[in-house]
Amino acid sequence: MFAHLPILIIIFPLAIAFIIIFLFKKYSPFLSIIGVTVSFILLIRFAPFIHKGDELLYHLGGWQSPLGISLSIDGLSFFFSFTVLLVGIMVILYSIPEKKYNHNYYFLLLLLLSSMIGVIFTADIFNIYILFELVSIVTCLLVAYYQQRVALRASFNYLLISTVALSLFLLGVGSLYSMAGVLGISSISKQIPMIFAENPKIITVSLVLILTSMGIKSAMVPMHGWLPDAHSLAPSSVSAILSGVVVKLGIYCLIRLLYGLFIAGDYHGYFGSSLQLLMIFGAVNIIFGAMMALAQDDLKRMLAYSTIVQIGVILIGISINNTTGFEGALFHIFNHALLKSGLFFCAGIITLQTGKRKIKDFAGYGEKNPFVALCFTILSLGIIGIPPMNGFVSKFLVCLSAVEEEHPVFAIIIIIGSLMTAAYFFRVIQIFYSEPIQSDKNISTIDCEKSYLFQPRIFELSPIFILTGISIIMGIIPSLGLSIVSPAIKVIFSSLLPVLP
Amino acid sequence: MTPINISLLVFMIGLYGVIVKNNMIKKVIGLAMLNSSVVLLFVAIGYRDGGMAPIIDNQTANSIGTVLVNPVPQALMLTAIVVSISLTALALALVVKIYAKYKTLDVQRINKE
C-alpha cells in the first residue's frame, strides 16, 4: 500500500503547480489547496507506520541504493514534512481571500512546498544541495513578488548569501565524496571511521563547511544579515512560510547531517566541540535577536528578529545532546512554525487594514478589529512562553535539559530572552489597546503591501483562528504534540547508541 | 599545483568578488566563479591519471588494464551546472529590475536608501 507514497507526496503538489501554470490559471487557488491537502493526507497515512519506529526506504525507479536516488521516511522527516505541509495549507488558505495573488504566486508556492519536502525526504547528500538550491531560487522569486524597490534588493541579497552558503555546502559534500565514493547519508556514515583513520583532516574540513553553510541558512547570528530584510519585505503570506518553515530546513539539515554523519567520527571530540559551538551560537542568537527586536519600529521587522531569537532556543535545544533537550527543540520548531506564521498573518491583515507598517501607527487597532488583535495577543503570549500556551512547554523542556546537563547559564539566557521577548511584544499589544493619536500627517515610507482598505470577513480570518486554536490545544495537552516528536527523537538517538560504548 | 588547489583558488577569488566588489554585475560574476570552482573540484576528484572517457564499448571491455575516469562526479556536475546557470540568470534578471528602479548598480548607494 505504501509502495509509491513517498514520491507521490512530492510529485502531487509539483504536478498541480504545472497544471496551474499551463492549463487552469483561473482555478489556481482551488487547485493549489487540493494539491497540498492531498499531499498532507497521503503523509498522514504514514503516521501509524512511523509511530512504530520504522523507516521506509524508497528507491526511485527501482534502482538500488548506490546507483539510484532514494528517499527515506523516518520519524524525523515525517515530523518536519508534517510541519511544512500544515503551514503550507494555512498559507494558501490565508492567501485566497486577499485576491491579489495571481497564478504565478500559487505556482511558486507549490514549487516551494514540494521542493522543501524533497529536501526533507531525500537520503542523498547531493540531492539535498540541488533541492535546497531550488528552495532558495523559489524563495527569491516569492520575496520579490511585488517587485518593489526594497523587496528586489532584499531578494538579491538573499540570493547572493544563500548561493555562497550552498557552494560551501557543495564543497563539503565534495570533500566527503572524494574519500567515501558514495553519496547516500547512511552509506557515508558507515565509511566515516575508515575515512577518519585514513585522513582525519577531510572530516574536519567537511564538518566545518557543512556547519557554516547550514549556519547561514538557519540564520545563526553573525551570518543572519539576509533574514530581517527578506522576511520583513516579502508579502505577509510568504513571510509566514519563510519564518515558519524555510529557516527550519537549515536546522533539519544540521540535525540530519550532524547526527547522521559526523557522530560516527567523534574520535577527537569534533562532534562534541561542534555541539558546544552551536550552543554558544544559540545563546548569541537569543541575546542579539532580542535586542535588535526591541529596537525595531516596523512590525514585520520585529517579528523577523523574533525568529532569530527562537532559532537560538532551538539551537540550544539540539546541541545539549540529551533526550529532553531534543524533545523541547523539535517541539519548539513545531510551535514556532504555528505561532510565527499566525503572527505574520495577523501582521499582514493589520497592514492591509491600516495601510501602515510602523508599530506606532497601530494605536486603537484593538477596537477596529478585535479578533485579529486578540489572536495576535494570544499568539505572542505563546512565543513569549506564558504557561497555558505551547511555547511554554517547549521552552521549559529546553531549559530543563540545560539544567540537567549542567549548563544552567543557557537556561538563564533562555529566560532572559523570554523576558526581552515579552518586552517587545507587550509594547505592540499596549499600542493596540491604547487610544488612537489624532494626526493626519502619517508618513509610511515603505509600503510593501499594496495598501487598499481591506475589510476581512470572519471566515477569511480562519487560518489565524485555526493556528491560534492548535497552539492553545497543544499548550493544554502537550502530550498530543510530543507524540509527533517522539518518533523523531528515537531516530536521532538510535544513531547515537552504537557510538556510546 | 593540482587541480584541487586551483579550484580552491578560484573559489576564493569568487568569494572575494561576491564580498568586496560594489558593482552588482561583478558580484554576479563572482557568484558564477564560485559555482564553476565547485564544478572543477568535482571533476578533479573523479579524474584518474591516464584515464579515458568512461564509455565501455567492445574495445575497452576486451583490453585489460584500461583506466577509466569516474563518471559519477561528471554526472553530478551536469546537474550542478544547470543549477548554477539558473542562479546566474535569476541574479541577472534581478539586477536588471533593480537597475530599472534605482538607476545605479552600486551596492553601497542601493543599500543606503
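The coordinates are above.
The text that follows walks through the structure, step by step, so that each part is easy to find. (Residues numbered from 1 in each chain as written. Chains lettered and ligands numbered in written order. Predicted model: local features only at pLDDT ≥ 70, side-chain atom pairs only at ≥ 80, totals over all residues. Heavy atoms only, no water.)

A count of helices and strands for chain A gives 20 helices and two strands. For 501 residues, the compact-globule formula gives about 23 Å, and the C-alpha radius of gyration of chain A, at 22 Å, lands near that figure. Residue burial in chain A is summarised as follows: out of 501 residues, 65% are buried. Here the contacts in chain A between residues at least 6 apart in sequence split such that 80% fall between residues at least 24 apart. Surface summary for chain A: the accessible area is close to 17,500 Å², and the carbon and sulfur share equals 70%. Of the side chains in chain A, 27 bear a positive and 22 a negative charge, and the two mean positions are spaced by 9 Å. (Helix = DSSP H or I, 4+ residues; strand = E, 2+ residues; numbered from the N terminus. Rg over C-alpha atoms; globule rule 2.2 N^0.38 Å. Buried < 20%, exposed > 50% of the residue type's maximum accessible area, 1.4 Å probe, protein only. Contact = heavy atoms within 4.5 Å. Areas by Shrake-Rupley, 256 points an atom, 1.4 Å probe, with all protein chains shown as cover. Lys, Arg positive; Asp, Glu negative; His and termini not counted. Charge placed at Lys NZ, Arg CZ, Asp CG, Glu CD.)

Below, the discussion takes up the environment of Ser81 of chain A. All names here are of chain A. Among the secondary structure elements, Ser81 is positioned in helix H4 (residues 75-98). You can call Ser81 buried: its relative accessible area is 0%. Considering only alpha carbons, one finds Ser81 and Val119, 38 residues apart in sequence, at a separation of 9.5 Å. If we skip the residues at most four places from it in the chain, Ser81 touches Leu43, Ile117, Ile120 and Phe121. A polar side-chain atom of Ser81 sits 3.1 Å from the main-chain carbonyl oxygen of Phe78. (Polar contact = N/O pair within 3.5 Å; in protein donor to acceptor, adjacent residues only side chain to side chain.)

This brings us to empty space enclosed by the protein. Unoccupied space between atoms shows up once a probe the size of one water molecule is rolled over them. Residue and element names in this part refer to chain A. As enumerated under the stated definition, the model contains two cavities of 30 Å³ or more in all. There is about 40 Å³ of room inside the largest cavity. Lining the largest cavity we find Thr139, Tyr158, Lys217, Trp226, Ala230, His231, Leu242, Val246 and Val247. Counting residues per element, the ones that place at least two in the lining of the largest cavity are helix H10 (226-233) and helix H11 (236-260). Among the residues forming the lining of the largest cavity, the class breakdown is six nonpolar, two polar and one charged. One number sums up the size of the second largest cavity: a volume of about 30 Å³. The set of elements that each furnish at least two residues to the lining of the second largest cavity consists of helix H9 (200-217) and H11. Taken together, the residues that form the lining of the second largest cavity break down as seven nonpolar, no polar and no charged. (1 Å grid on protein atoms, 1.4 Å probe; cavity = no way out; pocket = protein on both sides within 12 Å on 5 of 7 lines; lining within 4 Å. Points joined across faces, edges and corners; volume = space filled by probe spheres on them. Nonpolar A, V, L, I, M, F, W, Y, C, P; charged D, E, K, R; others polar.)

What follows deals with the nonpolar core. Residues and elements named next belong to chain A. Judged by nonpolar contacts, the single largest core of 227 residues is most densely connected at Met116, Phe169, Ile255, Leu330 and Phe376. Examining the composition of this core, we find that 18 residues originate from one element, helix H7 (residues 149-180), more than from any other. In this structure, Phe376 is in contact with Leu299, Leu343, Cys346, Ile350, Phe425, Val428, Ile429 and Phe432, ignoring residues within four places of it in sequence. (Core = buried A, V, L, I, M, F, W, Y, C linked by side-chain atoms within 4.5 Å.)

Here the focus is the pairing of strand S2 (residues 70-73) of chain A. Residues and elements named next belong to chain A. Alternating residues of S2 divide into Ser70 and Ser72 and Leu71 and Ile73, and every residue in both groups is buried. Note that strand S1 (residues 56-59) and S2 share four bridges and pair antiparallel. Bridge assignment links Tyr58 to a residue of S2, and that residue is Leu71. (Pairing = 2+ DSSP bridges.)

It is worth spelling out the packing of aromatic side chains at this point. Overall, the coordinates contain 29 aromatic pairs over all chains when judged by the stated rule. With a centroid separation of 6.3 Å and 20 degrees between ring planes, the pair formed by Phe18 of chain A and Phe22 of chain A is classed as stacked. Of this pair, Phe18 of chain A and Phe22 of chain A both sit in helix H1 (residues 5-22), four residues apart, which is roughly one turn of that helix. Residue Phe18 of chain A is classed as partly exposed on the basis of its relative accessible area, which comes to 37%. Ring pairing ties together the aromatic residues Phe40, Phe78, Phe79, Phe80, Phe82, Tyr252 and Phe334 of chain A, which thus form one cluster. Just above the ring of Tyr102 of chain B sits the side chain of Arg149 of chain A; from NZ or CZ to the centre is 4.4 Å. (Phe/Tyr/Trp six-rings, centres within 6.5 Å; stacked < 30°, edge-to-face > 60°. Lys NZ or Arg CZ within 6 Å of the ring centre and 35° of its normal.)

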